[in-house]
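Residue-level listing of the chains:
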Amino acid sequence: MEFFMPSLSASLILSFCLTSGFLCAPLQAAKCDKEGNAIMKEQDKRQSAKTEEEKQKIVIQDVKSKKKEERDLVRFGIKPKENDSRSVLYFNSPATIKGAGLLSWKEQGEENQWLYIPEIKKLQRIASGSRKEYFMGTDFTYADLEGENLKKNNYTCQGEMACPNKQGQCYIIEAKPINESESRNIGYSKRMLLVNKDKLITHKIVFFDLKGAKLKTAEYVQWEQIGKLWRPNLAIMDRHGVQKTFIKVNSRKLNKPIDDLVFEKRFLEKEMHIK
């Protein structure tokens, strides 16, 4: 009987598969053909749209009771130049949170976020140390909603493996905050990403808490191609044993004109978003 002794890269992949819950068959020991930071920069360049508009249905499900809560949300995004972006999202239902919104600005890698609560008619800035908190009862933190920040993470390609659902080959990329302060602010010691080699889309992200334990998993599925861009129509954030958040995109527009006013503070403050 012959015994197989995996190589170092294979061992890393096997360890990742076991701790992240990925199905890794067949096990691939292929080394990365590109450096992690370069892969993520290319993904940002290839998959970025100048503007985005989405109407979403959010379902929050308690794992134990199976109780569900549904919400309707609208999201706008704009990327005025490289490394900069702005987004605004707000709820249209249920009535208890209608009009609540989040404005996010990313300028040269620095983030600023403001939360608007209709009951108090005030736009409140999200402090850096509060970015790890969960947004409006979902399983997405304020930091998650910022998207990838290439300037505040170091990306290392650990190897390659088969993508989920036989969707080709994926890079296994470890994303670590640039310093301990950033790690504490977002509440993660690291994240592990599965990035499709050909399409440069992220299929799955596994989040690890500050002690290195697996915290939650995000999956992005039901992909569609719009021109040269790829977008998922369903995102599932699973905070294991606690709660799941499903985000279903019902409609989407890319690279269509959006008034700059939508991304200004007064758009929320003056409740221009509430119909």
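Residues numbered from 1 in each chain as written. Predicted model: local features only at pLDDT ≥ 70, side-chain atom pairs only at ≥ 80, totals over all residues. Heavy atoms only, no water.

Q: How would you sum up the overall build of the protein? Please name residues and give values.
A: When helices and strands are tallied, the protein shows 4 helices and 13 strands. A burial count over the protein gives 48% of its 275 residues as buried. The contacts in the protein between residues at least 6 apart in sequence include a share of 49% that link residues at least 24 apart. With an accessible surface of roughly 14,500 Å², the protein has 51% of that area assigned to carbon and sulfur atoms. (Helix = DSSP H or I, 4+ residues; strand = E, 2+ residues; numbered from the N terminus. Buried < 20%, exposed > 50% of the residue type's maximum accessible area, 1.4 Å probe, protein only. Contact = heavy atoms within 4.5 Å. Areas by Shrake-Rupley, 256 points an atom, 1.4 Å probe, with all protein chains shown as cover.)

Q: Residues and numbers for the confidence of the model for the protein, please.
A: Should pLDDT be low for a region, the predicted coordinates there are not to be read in detail. On average, residues of the protein score 91 in pLDDT, and 89% of them are at 70 or above. Here residues 1-12 scores under 50 on pLDDT; set against residues more than four positions off or in separate chains, the count is 6 contacts. Every residue in residues 25-29 scores below 50 in pLDDT, and together they form 12 contacts with partners more than four places removed in sequence or on other chains. (pLDDT = per-residue confidence, 0-100.)

Q: Quick rundown of the nonpolar core? Include the residues and the values.
A: Core analysis: the biggest nonpolar cluster contains 38 residues, and Phe91, Phe135 and Ile173 have the highest contact counts within it. Those residues in contact with Phe135 that sit more than four places away from it in its chain are Leu89, Phe91, Leu102, Leu115, Phe140, Thr141, Tyr142 and Leu145. Counting 15 residues, the second-largest nonpolar core is a separate cluster that includes Ile78, Val88, Leu103 and Trp105. (Core = buried A, V, L, I, M, F, W, Y, C linked by side-chain atoms within 4.5 Å.)

Q: How would you summarise a positive patch on the surface if you had to cite specific residues and measurements?
A: Side chains of Lys55, Lys253, Lys256 and Lys275 sit close together on the surface and give a patch of like positive charge. Topologically, Lys275 is positioned in the segment after helix 4 (265-269). Residue classification places Lys275 among the exposed positions, given a relative accessible area of 87%. (Patch = residues over 30% accessible without salt bridge, like charges linked within 9 Å, V, L, I, M, F, W, Y side chains within 5 Å. Salt bridge = Lys/Arg side-chain N within 4 Å of Asp/Glu carboxyl O. Lys, Arg positive; Asp, Glu negative; His and termini not counted. Charge placed at Lys NZ, Arg CZ, Asp CG, Glu CD.)

Q: With reference to specific residues and values, describe the state of the cysteines.
A: Think of a disulfide as a covalent bridge from one cysteine sulfur atom to another cysteine sulfur atom. The final tally for this structure, using the stated rule, is 2 disulfides. Bridging Cys32 to Cys157, the disulfide has an S-S length of 1.9 Å. Sign of the S-S torsion, about -80° for the bond between Cys32 and Cys157, identifies this disulfide as left-handed. Of the two residues, Cys32 is situated in the loop between helix 1 (8-20) and helix 2 (36-47) and Cys157 in strand 7 (residues 153-162); the sequence distance between them amounts to 125 residues. Two residues share a disulfide in this structure: Cys163 and Cys170, whose sulfurs sit 2.1 Å from each other. An S-S torsion of about 110° defines the bridge between Cys163 and Cys170 as right-handed. Here the two residues Cys163 and Cys170 agree in accessibility, since each one is buried. (Disulfide = S-S within 2.5 Å.)

Q: Residue-level account of the pairing of strand 13 (residues 243-254), with values.
A: Bridge count between strand 1 (residues 51-62) and strand 13: 11 bridges; the pairing is antiparallel. In the strand pairing of strand 13, Lys55 is matched with Ser251. Pairing between strand 12 (residues 229-239) and strand 13: 6 bridges, direction antiparallel. Considered in strand 13, the bridge of Asp238 is made with Lys244. Between the antiparallel neighbours strand 12 and strand 13 lie 3 residues, among them Gly241 with a positive phi of about 80°. (Pairing = 2+ DSSP bridges.)

Q: Which residues make up unusual backbone geometry, and what are the values?
A: Excluding glycine, a negative phi dihedral is what most residues carry, and trans is how most peptide bonds are arranged. Residue Ser93 is joined to Pro94 through a cis peptide bond whose omega torsion reads 0°. Even without a glycine there, the phi angle at Lys66 is positive, about 70°. As for its placement among the helices and strands, Lys66 is situated in the loop between strand 1 and strand 2 (68-78). The class for Lys66 is exposed, based on a relative accessible area of 53%.

Q: Give a description of helix 2 that names residues and reports values.
A: The terminal C-alpha atoms of helix 2 lie 16 Å apart, and with 12 residues this matches the ideal 16 Å at 1.5 Å per residue to within 8%. Among the residues of helix 2, those classed as buried are Gly36, Ile39, Met40, Gln43 and Gln47. Buried residues of helix 2, seen end-on, are gathered within an arc of 95° and therefore sit on one face of the element. Looking at helix 2, the residues exposed on the side facing more than 90 degrees away from the buried face are Lys41 and Lys45. In this structure, the buried side of helix 2 is in contact with strand 7, strand 8 (169-177), strand 9 (190-196), strand 10 (202-208) and strand 12. Regarding helix 2, its N-cap is Glu35, as a side-chain oxygen of that residue lies 3.1 Å from the backbone nitrogen of Asn37 further along. (Expected span 1.5 Å × (residues − 1). Arc of directions from axis to C-beta. Polar contact = N/O pair within 3.5 Å; in protein donor to acceptor, adjacent residues only side chain to side chain.)

Q: Break down the pairing of strand 5 (residues 110-117) for me, with residues and values.
A: Successive side chains on a regular strand alternate, one facing one side of the sheet and the next facing the other. Counting buried residues in strand 5 gives 6 out of 8 residues, a clear majority hidden from the surface. As defined by bridge partners, strand 4 (residues 101-107) adjoins strand 5 across 7 bridges and the pair is classed as antiparallel. When the sheet's bridge partners are listed, Leu102 is paired in strand 5 with Leu115. Between the end of strand 4 and the start of strand 5, which pair antiparallel, lie 2 residues, with Gln108 showing a positive phi angle near 55°. The sheet contact formed by strand 5 and strand 6 (residues 122-125) spans 4 bridges and is antiparallel. Directly across from Leu115, in strand 6, lies its bridge partner Gln124.

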